[in-house]
There are 2 protein chains.
Amino acid sequence: MTNDYIVKPVYKALQVLLCLGEERREMALSEICYRVAMPKTTTFRYLQTLCACGFVTHDPGTDLYRIGLRLWAIGQLAREPLHLRETALPAMRELRDRFNETVNLGILDGRDIVYLDMVESRRSLRMQAQLGGRDPVYSTALGKAMVAFLPEDRWPEHLPTRLTPRTDASHTTLASLRDDLRRTRERGYGLDDGENEEGVRCVGAPIFDQDGHVAAGVSLSAPAARMNDRALPEAAASVIQTALAISCRLGYRPR
Amino acid sequence: MTNDYIVKPVYKALQVLLCLGEERREMALSEICYRVAMPKTTTFRYLQTLCACGFVTHDPGTDLYRIGLRLWAIGQLAREPLHLRETALPAMRELRDRFNETVNLGILDGRDIVYLDMVESRRSLRMQAQLGGRDPVYSTALGKAMVAFLPEDRWPEHLPTRLTPRTDASHTTLASLRDDLRRTRERGYGLDDGENEEGVRCVGAPIFDQDGHVAAGVSLSAPAARMNDRALPEAAASVIQTALAISCRLGYRPR
DNA sequence: ACTTCTGTTTCTTCTGGCGAAACGCGGAGG
DNA sequence: CCTCCGCGTTTCGCCAGAAGAAACAGAAGT
């Protein structure tokens with residue numbers, strides 16, 4: 001079965017929907033059509049159709065569009081990540097309570113990670129990702145931890161062809177990124193050392209399912225001042241331990 | 001501006017998506033195409049397209065489809081009902097705490113209500129709607145409370161042309177339903193007396209926005225044994241009071 | 001073996017998706 | 001005042017591809 005069955009108008013309209021959904025704010029027609037690189041007329045029609053179905057809401061006062069009620073509702077009802085979240089939550093809480101830093105659960109989606117759940121530090125200064133939000137695989141500990149444990153011939157599926165550094169610490173070449181992934185695999189955890197956001201350190205480890213495949217990842221994030229080089233080894237070991245505990249609850253059997 | 005801009009394939013694919021979303025379980029191709037009343041080939045293509053974009057996930061083992069990660073993620077990020085929920089929540093909690101029964105917040109969406117938020121009773125036997133879930137306007141106190149305060153020429157937008165009773169207590173004719181709506185408007189609250197679910201009573205009142213338009217509704221639900229005819233007047237008065245408090249926080253000015 | 005049901009593929013018709021261009025409006029600047 | 005620009009909305013005609021009937025392939029049951 002190949003991809004011969006893509007209905008082009010549907011595919012393109014869904015890109016419009018994704019654009020609005022990921023932007024997380026109201027957008028104007030011009031901005032949307034620029035973002036999705038489609039002619040204005042086409043984008044306009046898709047938006048009208050999306051509005052007719054309740055997936056998008058148009059504010060006639062401002063002429064801005066935003067995600068609509070029906071999409072919100074379906075999103076609340078969707079069971080997609082439910083089992084994983086429930087399974088991971090107890091161990092995530094333990095990890096959070098041990099370090100009083102934020103713990104994230106995420107999975108791979110193309111070249112991004114998507115945050116499935118998070119258990120936040122109780123401190124004022126804490127990491128706060130968005131449930132359902134995304135970050136690039138290559139600049140996050142979560143992303144690197146998951147990809148590193150995939151077969152190498154599957155890495156290109158999750159890595160960009162060109163790197164857009166998010167900070168001064170981000171990787172700028174694919175070669176250095178692949179080295180980092182190999183290091184990640186050897187030591188068992190991925191490290192985001194200010195690559196996704198300046199001043200933030202993050203340690204991530206992969207979660208395996210019952211077939212031994214990478215199912216998700218769990219990470220501990222903190223301000224760099226609190227996760228310095230002395231604190232890192234213990235944090236890394238605990239993240240690995242947490243990921244393993246969750247994996248076993250998913251049916252994974254370590255060899 | 002009329003509805004001359006509907007892109008048919010997009011519209012139809014979104015009906016497939018709505019079908020899957022509202023069903024809340026995995027479905028097979030045959031069942032979906034029966035539900036949306038489309039030819040198998042067409043439905044199959046739409047599903048492939050929806051899968052390609054991550055809105056639907058196909059399980060190759062079972063050949064079943066379900067709502068996919070990307071739709072879940074957008075649903076979590078969507079801000080659609082956020083302001084209403086935040087505004088209503090404190091008053092809803094007070095109402096719940098006063099009666100120790102479940103309080104629901106919902107809005108109109110076509111002929112249904114959609115549950116935006118809920119604050120649940122702490123008792124074992126309690127009402128439990130689904131966040132993002134739907135019920136028909138005509139059989140719910142929430143629905144009736146909201147529609148009753150719309151101009152009557154807008155009632156047909158929200159009422160079915162033919163009634164499908166959900167219980168023995170449900171309305172069976174449009175005439176009796178319209179009488180109920182007029183009564184609702186006179187007394188200020190809608191009553192679901194076992195019409196949506198047997199043995200459940202529910203009182204609902206409309207929430208108005210700053211322009212005096214119906215924005216939402218709030219309701220108190222309980223097992224009928226606990227909300228008998230002696231308890232009903234006080235509950236109704238409190239629900240009306242809560243709705244008014246929320247309305248004022250939304251900028252509504254009572255006359 | 002045959003039947004039934006499922007999902008997948010093929011082929012041809014003609015609908016309507018598509019986008020360039022035009023239109024209308026409001027705001028900013030000279 | 002006028003002109004320009006940028007926005008969203010509308011028009012028009014071509015041909016790409018959406019559409020669906022029919023066939024195919026496989027699995028399960030009798």
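In this convention, every chain numbers its residues from 1, walking through the sequence in written order. Labels are handed out in written order, letters beginning with A for the chains and numbers beginning with 1 for the ligands. Side-chain atom pairs in this predicted model are given and counted only at pLDDT of 80 or more, local residue features only at pLDDT of at least 70, and totals for whole chains, interfaces and linings cover all residues. Water and hydrogen atoms play no part in the side-chain values, which are based on all heavy atoms of the structure.

*Asks:* Go over the overall build of chain A with me, naming the residues and quoting the values.
*Replies:* Numbering of helices and strands runs from the N terminus; a helix is a DSSP stretch of H or I covering at least four residues, while a strand is a stretch of E covering at least two. Looking only at helices and strands, one finds 9 helices and 9 strands in chain A. If you line up chain A on its principal axes, its C-alpha atoms span 55 × 40 × 40 Å. Two residues qualify as a contact provided that any one of their heavy atoms is within 4.5 Å of a heavy atom in the partner residue. Within chain A, contacts between residues separated by at least 24 positions form 56% of all contacts whose residues are at least 6 apart in sequence. Looking at chain A as shown, the accessible area adds up to about 11900 Å², and 47% of this sits on carbon and sulfur atoms. All accessibility values rest on the Shrake-Rupley procedure with a 1.4 Å probe; residue burial counts only the protein chains present in the view.

*Asks:* How would you sum up the protein's contact with DNA strand D? Please name residues and give values.
*Replies:* The environment of DNA strand D is formed by 22 residues, the closest being Ser30 and Phe44 of chain A together with Tyr5, Thr42 and Tyr46 of chain B. Here serine 30 of chain A contributes a side-chain N or O atom positioned 2.2 Å from a phosphate oxygen of DNA strand D. By the criterion applied in these results, polar contacts are pairs of N or O atoms within 3.5 Å in which, for protein atoms, one can donate a hydrogen and the other can accept it, and in which residues neighboring in sequence qualify only through two side-chain atoms. One of the side-chain nitrogen or oxygen atoms of threonine 42 of chain B is found 2.5 Å away from a phosphate oxygen of DNA strand D. Elements with a contribution of two residues or more to the surface near DNA strand D: α1 (8-23), α2 (29-36) and α3 (40-52) of chain A together with α1 (8-23) and α3 (40-52) of chain B. A cutoff of 4 Å decides nearness: a residue is near a molecule or strand if any of its heavy atoms lies inside that distance of it.

*Asks:* How would you summarise the interface of chain B and chain A if you had to cite specific residues and measurements?
*Replies:* A common way to report how large an interface is uses the accessible area buried once the components associate. In this complex, chain B contributes 52 residues to the contact, which on the side of chain A involves 52 residues. Values labelled buried area give the accessible surface lost by two parts on being combined, using a 1.4 Å probe and summing over both. In total, about 4900 Å² of surface goes out of reach between chain B and chain A, with carbon and sulfur atoms giving 75% of it. Interface area lost by chain B to chain A is led by Trp72, Leu77 and Glu80 of chain B, which between them contribute 16%. The term salt bridge refers to a side-chain nitrogen of Lys or Arg lying within 4 Å of a carboxyl oxygen of Asp or Glu. Our enumeration of links across chain B and chain A arrives at 2 salt bridges. One salt bridge in this structure joins aspartate 109 of chain A and arginine 70 of chain B, with 2.7 Å as the shortest N-O distance.

*Asks:* Describe the packing of α1 of chain A against α2 of chain A, naming the residues involved and giving the relevant values.
*Replies:* Residue and element names in this part refer to chain A. Where helices are involved, their axes are fitted lines through C-alpha atoms of the stretch in contact, as for all axes, and angles between N-to-C directions lie from 0 to 180°. Put simply, α1 and α2 touch, their axes get as near as 10 Å, and they point 110° apart. The angle between α1 and α2 falls in the class roughly perpendicular. The two elements α1 and α2 meet at a crossing, and its hand is right-handed. Every residue of α2 that contacts α1 at Gln15, Val16, Cys19, Leu20 and Glu23 is listed here: Ile32, Arg35 and Val36. Each angle is binned into one of four classes, with values under 35 degrees roughly parallel, values over 145 roughly antiparallel, values of 65 to 115 roughly perpendicular, and all other values oblique. The crossing is said to be left-handed when, going from far helix to near helix, the turn is anticlockwise and less than a right angle, and right-handed when the turn is clockwise.

*Asks:* Let's hear about the sheet that holds strand β4 (residues 102-109) of chain B: which residues, and what values?
*Replies:* Residue and element names in this part refer to chain B. The strand order β6-β5-β4-β9-β8-β7 describes an open sheet built from 6 strands, whose pairing is antiparallel. Only two strands of the sheet have a single partner each, and these edge strands are β6 (134-136) and β7 (190-193). Averaged over neighbouring strand pairs, the angle between their axes works out to 30° when direction is ignored. A pair of strands is labelled paired if DSSP reports no fewer than 2 bridges between them. Here β4 runs beside strand β9 (residues 214-223); their pairing, made up of 5 bridges, is antiparallel. By the bridge assignment for β9, threonine 102 is matched with serine 221. In this fold helix α9 (residues 232-249) packs onto β7, β8 (200-208) and β9, with an angle of close to 30° to the strand it touches most, β8.

*Asks:* Tell me what's going on with the environment of alanine 91 of chain B, and back it up with residues and numbers.
*Replies:* Residue and element names in this part refer to chain B. Inspection of the secondary structure puts alanine 91 in helix α5 (residues 82-99). Buried, partly exposed and exposed residues are distinguished by accessible area as a fraction of the type maximum, computed with a 1.4 Å probe on protein chains only: under 20%, between the cut-offs, and over 50%, respectively. A residue is classified by how much of its surface remains accessible, and alanine 91, at 15% relative accessible area, is buried. Separated by 97 residues in the primary sequence, alanine 91 and glycine 188 have C-alpha atoms spaced 18 Å apart. With sequence-adjacent residues up to four places away left out, alanine 91 is seen in contact with Thr242 and Ile246.

*Asks:* An account of the protein's contact with DNA strand C is requested, with residue identities and associated values reported.
*Replies:* In the neighbourhood of DNA strand C, 22 residues make up the surrounding shell, with Tyr5, Thr42 and Tyr46 of chain A together with Ser30 and Phe44 of chain B lying closest. Backbone atoms, meaning sugar and phosphate, make up 62% of the atoms of DNA strand C lying within 4 Å of the protein. At a separation of 3.5 Å, a base oxygen of DNA strand C approaches a polar side-chain atom of threonine 41 of chain B. Broken down by secondary-structure element, the contributors of at least two residues to the surface near DNA strand C are α1 and α3 of chain A together with α1, α2 (29-36) and α3 of chain B. Here the surface near DNA strand C is composed, by residue class, of 12 nonpolar, 4 polar and 6 charged. Side-chain classes are defined by residue name, with Ala, Val, Leu, Ile, Met, Phe, Trp, Tyr, Cys and Pro counting as nonpolar, Asp, Glu, Lys and Arg as charged, and the others, Gly among them, as polar.

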